[in-house]
Each structure stands twice: as C-alpha cells, then as structure tokens.
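So you can see what is in the structure, the chains are spelled out below.
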Amino acid sequence: MATTGTEAPHLGGNPLLGSMLDLKKDSLGTFLRARREHGDVVKMTAGPPGIRATFYGVFSAEGAQQVLAGESANFRKDNAFYQEIRESFGNGLLTSQDEDYLRQRRLVQPLFTKRRVDGYAGAVAAEVTTLIGEWQDGAAETVDVLHEMTRLALRAVARILFGTDVDAAVEIVERCFPELGAYVLRRGYSPVKFPRDWPTPGNRKAAAVHQALYEVCDRIIADRRGSGRASGEGDDLLTLLVEAESAEDGSFDATELREQVLVFLLAGHETTATSLGFALHLLARHPEVLKRTHEEVDRVLGGRTPGAADLDALPYLTQVLKEAMRLFPAAPAVGRRAVDATVIGGVTIPAGADVIVASWVTHRHPDYWEDPERFDPDRFTPEAEAARPRYAWYPFGGGPRACIGQHFSMLESVIALAMILQKYGLEAVDTEVPVGSAITLTQEGPARCRLIPRTA
Ligand code: HEM
C-alpha cells in the first residue's frame, strides 16, 4: 500500500466555516462541484479552524473500488457518520464490525441466498396486488409514487422478514426515519456536538423519534413471541433473531435483537422504495421508454403474475431499474475512516482520515457516462456494462460490506414494476423531484404521477 502521493486539492469555501454550510444545505451538489473543480479526490472541511471536521471525497470508480473492496480492511466504519448512525440505530448488521459483525452476518446470511430470495416472489406479488387493489378501490388517478412505493416496500419487508404486517406503523416509520436521518447528517457535519443526552430541542426531538421507532420494533418482537409460532415453519429473520436471543451462550441479547429489527426495517424498505419510486417517475417522464417497457412486459408475461423465474426474461425492465438507480442511488454516499495512510488516484489519504465515497458523483462522472443527466436504459445493455469499470455503478456498495439485500431488492423491484405496468400507463405531474441526502436519498418535493388504467 503506497503511502505518499500529492497533497489533496482543497475545496476551500468560507474562510471561517469551510464548506459546512454548503454541505448542510446540499451535500450532493457540493460533492459534484468538488469533483468538477478539483478532480477525483478532494479534501473538504467543515467548521472553524482548530476544530473543523476534515474529510476526503472520493469520486472515481477506481477510488471507490479501492476503499470498498481492495483496501476494505484499511477503511473501517469508524468515521463520524457511521458513529452517528450507530448511536441512532444501534449495533446492527449495517453498523457493526469485527467479531460482532461476523457473528451477525453468519446468522442472517441464509435468508439472503438466491434460492431463499427467489422464494419471496409470491409474497412480494401479494403485496403489490394489495396496493393495486387499494388504488382501484379508491379510484386513484394521481399518486405520489415515492410515497406509495414506501408503503409497498415497508409492507413487503415486514411480511417477508418479520412475518407481520406493519400497516399501523407505516405513518410512524415514514415520519421518523427521515427525521433521524437528518439529525445524523447535521451531527455528522458539525465540528462541535452537544452530548446526545443534553436536553437541546434537536436532541429531544431525536430521542422522541428514536423511542417511537423502538416501540414499533418491540411490537413486532412481542407479536412474534405471543404468536406461539414454532421454529421450522418457514423460518424468517425474526425467528432466527428471537432464537439467537434465547440461546444459552448469551452472545445475542434483547437490545441487539431490537437493533437488528430496526436496521432491517430501515435498510430494507426506504432504499428499495427510492429505486422503485424513481423508476416509475422516470418512466412517466419518458413515454418512449415506457412504451418499450410495456411491450416487453406484455410480450413476456401476457397478463400473468410474474415470478422469480421471469426476471431474466425482462432485461429491458431491469435496465430501466438500473438506470433509475444510477441517477437516484438510494445510498448516494457512504463513509469510512482510514486506519493507515494510503494513496488514492495519486493523492495522499492520511492515517485516521474520514473518507466519503459518493456513488451520486461516480454515477454522473463524465469519464464513464456520456451526457450523464440523460435517462437512457440502453447504458445497461450487457455490452455497455462490460465496457465500463466495475465500480462506475455501485448503488449497493461493494467489497465485503456490500448490501446483503441486493437480490431481494432487485427481485422485489422487477416484480413490482412489471405488475404496475401490466395495469397502468403513467404520466408525470411533477417533472422534477428535488432530492437531498441524509443517510439515504431523501425526497424534498412531490413525485406525483397520473395512473392511466390500461385496457386489456
Ligand atoms: C435499492 C435498494 C438498496 C440499496 C440501494 C442498498 C444500498 C446499500 C449500500 C450502499 C450498502 C453498503 C453501505 C456501506 O458500504 O457503508 C448496503 C448495506 C446493507 N443493506 Fe442495502 N440497499 C438496498 C436494499 C436493501 C434491502 C432490501 C435490505 C434488507 C432486506 C438491505 C439491507 C442491508 C444491510 C443489512 C446492509 C449491511 C450489510 C453488511 O455490512 O454486511 N438493503 N445497502
């Protein structure tokens, strides 16, 4: 591992606060500007000299690969953001490290093999049928697709992983996750943080939101304990977790059980909802792509409900989804901390430095994407994909900490899109949907589409 390169260019910004205000207002836009003005590895600072937070934005495909995969042991989830996420969401699979992490991953991995995930297709289809039924009963003409896909993805993850329905909690989850995400982001960029237990308005609000989410998790766990359901009856995630908690060795306690449920609720729904919602929004804005997708869905499925075996037969629909995830990656930036000094793209990353790898920027990098803001699913034909560096597109991260739910999410999204397109044409009401970034991509304005029933 080389340790000396050139000094990183600095984004500069306000002499007193560095880029703090820009980052708090529009972190994704600030990262794009940093790459445009200074290149693929850029130093950024936030806060007054002496106590300012410093971190390095990494924007090239090669740099992302180095941090996430090639040198993953040197880039740990010890950075300011992961510390904040851990404080807010606990020590679950997304945030844990070392022995805890290996034990947790071994426990849940069997639920995410391709064979197991293929088995979730029927439950996903059932949830989509329920949602479409609700649209039909309510004679829905215009819906906010991001909102609707959040409901769908939350119900699907609750049904499949926790064997329960969370309809009563949809409102709480939809309100609380973004609030807690914004709190994490604010603290992540703040050079000085009040301890979390000080009664500041921000801390109090976060504590209330936190409590509400824990109550949702506790209810899910209590329902299962009260159900008398024995293990072996198609074990789901909750069965595995509850059993691990009752195991004699004490390696897994009630707090960890609750934190795992919380992490899977968070990581398992909002991300898929973002991909699905933006895929629908982009289809609604591009009638020629919508027409081609309708043709494929009709040709392959006729009126039949799709299953896991149909995924390979819907390549254009998959390309649409991948292109939607390029433009709107649900986790637009992830952070790490370098243990030892290293060099990325010729630039020195000092030991102990925080690094942000931003798929939001790599996915728009002009070296890999021509006219990057244009929506064009043909960028994902097998030939076009083979011609690009492996990490030009990495919505699911990469290396040993890549997303465990990646197949789950692709299956859910393709089935849901196919079923919605079997029934509806789409017209965009909102032609642009402003976004922001907390832990995940956030919706900052409506994403309304008109649903136009298709005649058989
Ligand atoms: C489009 C949908 C999704 C996207 C874009 C996405 C994105 C990501 C990314 C980028 C990471 C890596 C974070 C890092 O490197 O710091 C990650 C990890 C993770 N995701 Fe996803 N995710 C999606 C769906 C899901 C689903 C459906 C689940 C669960 C059912 C899930 C559960 C997790 C978990 C538990 C981790 C941590 C894995 C580990 O470290 O071993 N995700 N996800």
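Our subject in this report is the structure included herewith. This is a predicted model, so every value here is computed, not measured. (Residues numbered from 1 in each chain as written. Predicted model: local features only at pLDDT ≥ 70, side-chain atom pairs only at ≥ 80, totals over all residues. Heavy atoms only, no water.)

### Side note on the overall build of the protein chain
- The helix and strand tally for the protein chain stands at 16 helices and twelve strands.
- Taking 456 residues into account, the globule formula puts the C-alpha radius of gyration at 23 Å, and the protein chain, at 22 Å, falls close to it.
- Burial statistics for the protein chain: of 456 residues in total, 55% are counted as buried.
- Looking at the protein chain alone, contacts between residues at least 24 apart form 73% of all its contacts between residues at least 6 apart.
- If you sum the accessible surface of the protein chain, you get close to 19000 Å²; carbon and sulfur atoms cover 53% of it.
- One way to put it: in the protein chain the 50 positive side-chain charges average out to a point 2 Å from where the 62 negative ones average out. (Helix = DSSP H or I, 4+ residues; strand = E, 2+ residues; numbered from the N terminus. Rg over C-alpha atoms; globule rule 2.2 N^0.38 Å. Buried < 20%, exposed > 50% of the residue type's maximum accessible area, 1.4 Å probe, protein only. Contact = heavy atoms within 4.5 Å. Areas by Shrake-Rupley, 256 points an atom, 1.4 Å probe, with all protein chains shown as cover. Lys, Arg positive; Asp, Glu negative; His and termini not counted. Charge placed at Lys NZ, Arg CZ, Asp CG, Glu CD.)

### Considering the pattern of salt bridges
- Within this structure, the stated rule accounts for 31 salt bridges.
- Notably, a salt bridge pairs R448 with D430, separated by 2.7 Å at the nearest N-O pair. Of this pair, R448 sits in strand β12 (residues 448–453) while D430 is found in the loop between β9 (424–428) and β10 (435–437), placing the two residues 18 residues apart along the sequence.
- Given the relative accessible area of 36%, R448 is considered partly exposed. (Salt bridge = Lys/Arg side-chain N within 4 Å of Asp/Glu carboxyl O.)

### Looking at the site of the ligand
- With respect to spatial proximity, 28 residues lie near the ligand, and among them Y82, Y101, R105, R401 and C403 are the closest.
- Contact distances for the ligand include 3.3 Å between a nitrogen atom and a backbone N or O atom of A267.
- Interatomic distance of 2.7 Å between a side-chain N/O atom of R401 and an oxygen atom of the ligand.
- When contributions to the shell around the ligand are tallied by element, the ones reaching two or more residues are α4 (98–108), α11 (254–285), β5 (334–338) and α16 (406–423).
- Each residue belonging to the shell around the ligand can be placed in one class, and the counts come to 17 nonpolar, seven polar and four charged. (Near = heavy atom within 4 Å. Polar contact = N/O pair within 3.5 Å; in protein donor to acceptor, adjacent residues only side chain to side chain. Nonpolar A, V, L, I, M, F, W, Y, C, P; charged D, E, K, R; others polar.)

### As for the pairing of β5
- Pairing analysis gives two bridges linking strand β3 (residues 75–76) to β5, with the strands arranged antiparallel. The partner of F75 across the bridge, within β5, is A338. (Pairing = 2+ DSSP bridges.)

### Focus on the coordination of the iron atom of the ligand
- Of the protein atoms, C403 (SG) alone serves as a donor to the iron atom of the ligand, at 2.3 Å.
- Among the secondary structure elements, C403 is positioned in the loop between α15 (382–386) and α16. (Donors = N, O, S within 2.8 Å, 3.2 Å for Na, K, Ca; no water.)

### Brief notes about helix α13 (residues 315–327)
- Between the first and last C-alpha of α13 there are 19 Å, a value that for 13 residues agrees with the 18 Å anticipated at 1.5 Å per step.
- Extensive coverage of α13 is indicated by the burial of twelve of its 13 residues.
- Looking at the buried residues of α13, the elements they touch are α11, α12 (287–301), α14 (359–362), α15 and α16. (Expected span 1.5 Å × (residues − 1).)

### Considering the sheet that holds β12
- Judged by pairing direction, the sheet is antiparallel, and its three strands sit side by side in the order β4-β12-β9 without closing on themselves. Unpaired on one side and paired on the other, β4 (142–144) and β9 mark the two borders of the sheet. Going from strand to strand, the sheet's axes swing by 35° on average, the running direction of each strand aside.
- Relative to β12, β9 is paired through five bridges, and the arrangement is antiparallel. Across the sheet, the residue bridging to A428 is C449, located in β12. (Axes fitted to C-alpha atoms, helices over the stretch in contact; angles between N-to-C directions.)

### Examining the sheet that holds strand β2 (residues 53–58)
- What the five strands build is an open sheet, ordered β1-β2-β8-β5-β3; its pairing is mixed. Strand pairing shows two members of the sheet lacking a second neighbour, β1 (41–46) and β3, which therefore form its edges.
- In terms of strand pairing, β5 meets strand β8 (residues 354–357) through four bridges, oriented antiparallel. Directly across from G335, in β8, lies its bridge partner I356.
- Here helix α3 (residues 80–89) sits on the sheet in contact with β5 and β8, set at roughly 115° to β5.

### Considerations on α16
- Relative to the 26 Å expected for 18 residues at 1.5 Å per residue, α16 spans 26 Å between its end C-alpha atoms, a close match to the ideal helical length.
- For α16, a buried count of 15 out of 18 residues is recorded, marking the element as mostly surrounded by other parts of the structure.

### Some remarks on the side chain of K322
- Checked against the element boundaries, K322 lands in helix α13.
- The class for K322 is buried, based on a relative accessible area of 17%.
- Those residues in contact with K322 that lie beyond four places of it in its chain are F380, E385, W393 and M410.

### Side note on the packing of aromatic side chains
- Overall, the coordinates contain ten aromatic pairs when judged by the stated rule.
- Ring plane angle 65° and centroid distance 5.5 Å describe the contact between F380 and W393, whose orientation is recorded as edge-to-face. Of this pair, F380 sits in the loop between α14 and α15 while W393 sits in the loop between α15 and α16, and the two are 13 residues apart along the sequence. Of the two residues, F380 and W393, neither departs from the other in class, the shared state being buried.
- An aromatic cluster is defined as three or more aromatic residues linked by ring pairs; in this entry it consists of F278, F328 and W360.
- Between R390 and the ring centre of Y391, over which it is positioned, the NZ or CZ distance is 4.3 Å. (Phe/Tyr/Trp six-rings, centres within 6.5 Å; stacked < 30°, edge-to-face > 60°. Lys NZ or Arg CZ within 6 Å of the ring centre and 35° of its normal.)

### Observations concerning the side chain of R105
- Position of R105 relative to the elements: it lies in helix α4.
- No salt bridge forms around the buried R105; measuring N to O, its nearest opposite-charge neighbour E256 is 13 Å away.
- Excluding its chain neighbours within four sequence positions, the residues that come into contact with R105 are L93, P400, A402 and I404.

### Quick notes on the pairing of β12
- In this sheet, β12 lies alongside β4 in antiparallel orientation, the contact comprising three bridges. When the bridges of β12 are listed, V143 appears paired with C449.

These figures come from the coordinates and say nothing about function on their own.
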